[in-house]
Amino acid sequence: MIEAHQLTKRYGEKTAVDRLDFTVRPGTVTGFLGPNGAGKSTTMRMIVGLDAPSSGSVTVNGRRYAEHAAPLQEVGALLEAKSIHPGRSAFDHLMAQAYTHGIPRRRVEEVIEMTGLQAVAKKRAGAFSLGMGQRLGIAAALLGDPSTVMLDEPVNGLDPEGVLWIRNLLSGLAAEGRTVFVSSHLMSEIALVAEHLIIVGRGRLLADTTVKDLVSQAGGDTVKVVSADPARLREVLAGPGVDISGRAGSEELEVTGMPARAIGTAAGKAGITLFELTPRTVSLEEAFMELTQDAVEYHGSFATAGSAA
Amino acid sequence: MSTLTTPPAPADARPAPGARPAYRVTGGRVLRSEWAKLWSLRSTWITLGLGFVFLVAFGLIAAAQFKSRYDSGHHMDPDFASSTALSLSLFGTNFAQLALGVLGVLVTAGEYSTGMIRSTLAAVPHRLPVLWSKSAVFGLVSLVVGLVGVFIAFPVVGGIVSGTPAAQSLSDAGVLRALLGAGLYLALVGVIGTALGALLRSVAGGISVLVASLMLVPGLVSLLPSSWQNNVEPYLPSNAGQAMFTLHHDAVTLSPTAGLLVFLAWTAVALAGAAWRLMRTDA
């Protein structure tokens with residue numbers, strides 16, 4: 001459980017994190033989304049006490065991170081940049097972390113196995129590929145058997161197999177009842193694994209929602225139906241959970257909560273001619289882009305032209 | 001037993017409250033971790049080895065040089081002619097202090113340049129135990145290297161220069177104290193390096209300040225008016241430190257004890273600065 005209250009971080013004039021309020025709950029994967037420079041990494045650094053908030057506070061399981069007797073048992077974190085000494089082997093790195101908490105050697109071997117690093121554990125970590133480095137970071141995060149796992153952009157630069165591995169790992173950790181907090185700037189990555197979403201832009205909270213709500217809020221699941229007899233079609237389709245809208249005098253209806261296939265079948269049974277039956281696919285990516293449009297730090301000129309058109 | 005398994009996790013893998021192992025960060029464990037970190041890097045072995053070789057080899061070379069010049073009756077400049085077995089065997093301290101000081105800087109600043117510091121401080125968010133542990137571990141290691149070095153160098157040098165005016169034995173007044181002082185000096189240089197690395201968070205910056213304060217500042221002070229010089233010079237880190245292991249003290253140098261106290265004070269200042277920066281600034 002992570003709780004942020006009015007969490008703020010200022011660097012001189014620039015406010016990197018601006019009065020964030022959010023709660024990350026156990027048992028599900030919570031995605032932390034935002035464009036580059038939205039303050040995600042800074043927020044995560046404040047959670048584990050590497051950066052001190054300018055004002056506000058953030059607690060982990062009810063206490064500030066530093067106040068825990070065994071911090072690595074509360075939060076296991078993979079931060080954005082490499083946090084290892086390249087001259088030390090993976091095993092020695094994990095062992096040095098383990099010593100601080102009295103974590104036994106057995107556990108170090110366990111996380112090495114879990115992350116598939118057995119073959120390279122005794123090699124210098126500086127020679128690791130991006131994917132190996134990421135696995136080592138995750139091994140370190142899992143070392144203390146933490147109740148909260150926090151990963152900053154874990155799939156960055158991973159091959160498809162690695163991405164799948166992380167996805168399964170995250171779901172597995174959440175299923176074990178842990179709090180899983182994972183950041184990304186790509187909605188497509190997060191949507192596959194997260195249920196809950198915390199979306200930020202320019203340090204501000206833009207949305208604290210679920211994947212499901214975000215989709216419906218953005219007008220997903222809507223089917224556009226053009227028919228000869230919209231009034232009768234309305235009656236035919238009406239039912240619990242189905243929302244139908246349309247302007248009077250228009251042949252067009254917007255139906256939410258019913259798949260296109262079911263609408264077509266129902267219309268066919270009722271003998272209503274359909275001219276058009278179009279599912280409106282609003283991707284999560286579009287919903288996310290719309291939400292963060294004003295918060296992106298640097299627009300490409302192409303994107304600007306596109307959104308202006 | 002750990003409850004963490006590779007996903008997909010079985011439903012019964014939920015961490016049961018109370019079943020989790022009771023881990024805890026303690027000062028001793030942080031010390032243990034820093035000890036392991038020091039020895040798991042190749043640069044430690046190389047630099048310590050280098051420091052040790054400097055310390056012993058330069059003493060032996062100086063002694064051999066002295067002996068051959070004395071035997072052949074070559075002219076020696078007055079400084080070198082007045083050498084003792086002690087001063088010859090400690091000839092290498094100047095070089096060994098560089099190796100140990102630089103390694104001290106690497107112990108702390110190296111963590112900032114590589115990013116390791118994030119892992120370190122995430123594990124020990126109280127932070128200060130990390131600084132104390134690093135200083136203690138590295139100070140102790142430097143002390144051992146220094147003591148072993150000078151206690152190997154002195155008897156060998158003594159053998160080389162026996163029969164010359166430089167001959168001295170361990171039982172001569174002040175010799176044992178000076179050898180211990182040299183070991184302690186090297187240990188404190190190591191600690192100062194560690195503190196400077198933590199204070200400046202930059203390997204290059206730490207090494208520059210270390211070299212400047214031990215080797216360049218004394219030269220600069222000679223530009224001051226001589227009345228100031230006599231008041232300032234003895235208290236400089238380099239001179240106070242040297243007072244710890246020289247036999248003959250004149251009016252303008254500190255006594256060994258005073259030298260030790262002044263050098264300890266410099267070490268404390270560097271550590272205090274490092275502690276302040278560690279607690280005050282984001283990692």
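Anyway, here's the lowdown on the structure attached to this text. Here the structure is a predicted model, which means the values were calculated and not measured.

As for a nonpolar patch on the surface
Turning to step 1, where the next piece is worked out: On the surface, W35, L140, V144, V148, I152 and V156 of chain B cluster together into a nonpolar patch covering about 480 Å² of accessible area.
Turning to step 2, where the next piece is worked out: Looking at the secondary structure, you find V144 of chain B in helix 7 (residues 128-160).

Some thoughts on the sheet that holds strand 5 (residues 75-78) of chain A
Residue and element names in this part refer to chain A.
Turning to step 1, where the next piece is worked out: Reading across the sheet, the six strands line up as 5-6-7-3-8-9 and stay open at both edges, with mixed pairing between neighbours. Strands at the two margins of the open sheet, each flanked by one partner only, are strand 5 and strand 9 (204-210). Averaged over neighbouring strand pairs, the angle between their axes works out to 15° when direction is ignored.
Turning to step 2, where the next piece is worked out: Each of strand 5 and strand 6 (148-152) touches helix 5 (residues 130-142); the most contacted strand, strand 5, lies at about 170° to it.
Turning to step 3, where the next piece is worked out: Of the strands in this sheet, strand 3 (29-33), strand 8 (196-201) and strand 9 touch helix 11 (residues 284-292), which is tilted by about 35° from strand 8.

Overview of the side chain of S250 of chain A
Residues and elements named next belong to chain A.
Turning to step 1, where the next piece is worked out: By the element assignment, S250 lies in the loop between strand 11 (243-245) and strand 12 (252-256).
Turning to step 2, where the next piece is worked out: A relative accessible area of 18% places S250 in the buried class.
Turning to step 3, where the next piece is worked out: Engagement of the side chain of S250 in a polar contact is seen with the backbone nitrogen of E252, the distance being 2.9 Å.

As for the interface of chain B and chain A
A common way to express how large an interface is: the accessible area buried when the components associate.
Turning to step 1, where the next piece is worked out: Contacts between the two partners involve 41 residues from chain B and, on the opposite side, 49 residues from chain A.
Turning to step 2, where the next piece is worked out: Taken together, the two surfaces of chain B and chain A that pack against each other cover about 4000 Å², and 55% of this comes from carbon and sulfur.
Turning to step 3, where the next piece is worked out: At the boundary of chain B and chain A, one finds one salt bridge.
Turning to step 4, where the next piece is worked out: Here D282 of chain B ties to K9 of chain A by a salt bridge, and the two come within 2.6 Å at their closest N and O atoms.
Turning to step 5, where the next piece is worked out: Where chain B packs against chain A, one counts 20 residue pairs in polar contact (both at pLDDT 80 or more).
Turning to step 6, where the next piece is worked out: Elements that contribute at least two residues to the side of chain B that touches chain A include exactly helix 1 (27-39), helix 5 (93-114) and helix 6 (116-123) of chain B.

Observations concerning the packing of helix 3 (residues 90-101) of chain A against helix 1 of chain B
When two helices pack together, their arrangement is given by the angle between their axes and by how far apart the axes lie.
Turning to step 1, where the next piece is worked out: As a packed pair, helix 3 of chain A and helix 1 of chain B sit with axes 7 Å apart at the nearest point and diverge in direction by 165°. As judged from the angle between their axes, helix 3 of chain A and helix 1 of chain B are roughly antiparallel. Judged by the twist between their axes, the crossing of helix 3 of chain A over helix 1 of chain B is right-handed. Residues A96, Y99, T100 and H101 of chain A of helix 3 of chain A form the contact with helix 1 of chain B, whose participating residues are R29, V30, R32, S33, A36 and K37 of chain B.
Turning to step 2, where the next piece is worked out: Tallied by class, the residues present in the contact of helix 3 of chain A with helix 1 of chain B amount to four nonpolar, three polar and three charged.

Focus: the packing of aromatic side chains
Aromatic rings in a pair are described by how distant their centres are and how their planes are angled relative to each other.
All names here are of chain B.
Turning to step 1, where the next piece is worked out: Taken as a whole and judged by the stated rule, the model has twelve aromatic pairs over all chains.
Turning to step 2, where the next piece is worked out: Ring geometry for W35 against W39: centres 5.7 Å apart, planes inclined by 65°, an arrangement best described as edge-to-face. In this pair, W35 and W39 both sit in helix 1, four residues apart, roughly one turn of the helix.
Turning to step 3, where the next piece is worked out: Take W35: its relative accessible area is 37%, and that puts it in the partly exposed class.

Here's the deal with helix 4 (residues 105-114) of chain A
Residue and element names in this part refer to chain A.
Turning to step 1, where the next piece is worked out: R107, V108, V111, I112 and M114 are the residues of helix 4 that are buried. Down the axis of helix 4, the buried set is contained in an arc of 165°. They therefore lie on one face. Opposite the buried face of helix 4, at more than 90 degrees from it, the exposed residues are R106 and E113.
Turning to step 2, where the next piece is worked out: Buried residues in helix 4 make contact with helix 3, helix 5 and helix 6 (160-175).
Turning to step 3, where the next piece is worked out: One or two steps after helix 4, the chain reaches G116, where phi turns positive at roughly 70°.

Overview of the pattern of salt bridges
Turning to step 1, where the next piece is worked out: Evaluation of the coordinates by the stated rule reveals 16 salt bridges over all chains.
Turning to step 2, where the next piece is worked out: Two residues, D18 of chain A and R19 of chain A, come together in a salt bridge whose shortest N-O distance is 3.0 Å.
Turning to step 3, where the next piece is worked out: With a relative accessible area of 48%, R19 of chain A lands in the partly exposed category.
Turning to step 4, where the next piece is worked out: When salt bridges that share partners are traced, they join E34, K37, E111 and K134 of chain B into one network.

Re the pairing of strand 7 (residues 179-184) of chain A
Residue and element names in this part refer to chain A.
Turning to step 1, where the next piece is worked out: In terms of burial, strand 7 is a largely internal element, six of the six residues being buried.
Turning to step 2, where the next piece is worked out: Every second residue of strand 7 is oriented toward a common face, with T179, F181 and S183 on one face and V180, V182 and S184 on the other, all of them buried.
Turning to step 3, where the next piece is worked out: Examined bridge by bridge, strand 3 and strand 7 share five bridges and lie parallel to one another. Pairing of T30 across the sheet is with F181, part of strand 7.
Turning to step 4, where the next piece is worked out: In this structure, strand 6 lies alongside strand 7, joined through five bridges in parallel fashion. Within strand 7, the residue paired with M150 across the bridge is F181.
Turning to step 5, where the next piece is worked out: Remark: the strand 6/helix 6/strand 7 crossover connection has right-handed handedness.

Section: the sheet that holds strand 4 (residues 55-60) of chain A
Each strand in a sheet pairs with another by means of backbone hydrogen bonds, the pair being arranged parallel or else antiparallel.
Residues and elements named next belong to chain A.
Turning to step 1, where the next piece is worked out: A sheet is described by the order of its strands in space; here three strands give the open sequence 2-1-4, paired in antiparallel fashion. Only two strands of the sheet have a single neighbouring strand rather than two, namely strand 2 (14-24) and strand 4. Between one strand axis and the next, the sheet turns by 20° as a mean value, whatever way the strands run.
Turning to step 2, where the next piece is worked out: Summarising the sheet, strand 1 (residues 2-11) and strand 4 pair through five bridges and their orientation is antiparallel. Bridge assignment links H5 to a residue of strand 4, and that residue is S57.
Turning to step 3, where the next piece is worked out: Helix-sheet contacts for helix 1 (residues 40-47) involve strand 1, strand 2 and strand 4, and the interaxial angle to strand 1 is about 115°.

Thresholds applied
- Residues numbered from 1 in each chain as written.
- Chains lettered and ligands numbered in written order.
- Predicted model: local features only at pLDDT ≥ 70, side-chain atom pairs only at ≥ 80, totals over all residues.
- Heavy atoms only, no water.
- Patch = residues over 30% accessible without salt bridge, like charges linked within 9 Å, V, L, I, M, F, W, Y side chains within 5 Å.
- Areas by Shrake-Rupley, 256 points an atom, 1.4 Å probe, with all protein chains shown as cover.
- Salt bridge = Lys/Arg side-chain N within 4 Å of Asp/Glu carboxyl O.
- Helix = DSSP H or I, 4+ residues; strand = E, 2+ residues; numbered from the N terminus.
- Pairing = 2+ DSSP bridges.
- Axes fitted to C-alpha atoms, helices over the stretch in contact; angles between N-to-C directions.
- Contact = heavy atoms within 4.5 Å.
- Buried < 20%, exposed > 50% of the residue type's maximum accessible area, 1.4 Å probe, protein only.
- Polar contact = N/O pair within 3.5 Å; in protein donor to acceptor, adjacent residues only side chain to side chain.
- Buried area = accessible area lost by both parts, 1.4 Å probe.
- Parallel < 35°, antiparallel > 145°, perpendicular 65-115°, else oblique.
- Left-handed = near helix turned anticlockwise from the far one by under 90°.
- Nonpolar A, V, L, I, M, F, W, Y, C, P; charged D, E, K, R; others polar.
- Phe/Tyr/Trp six-rings, centres within 6.5 Å; stacked < 30°, edge-to-face > 60°.
- Arc of directions from axis to C-beta.
- Right-handed = clockwise from strand over helix to strand, strands pointing away.

By themselves these figures say nothing about function.
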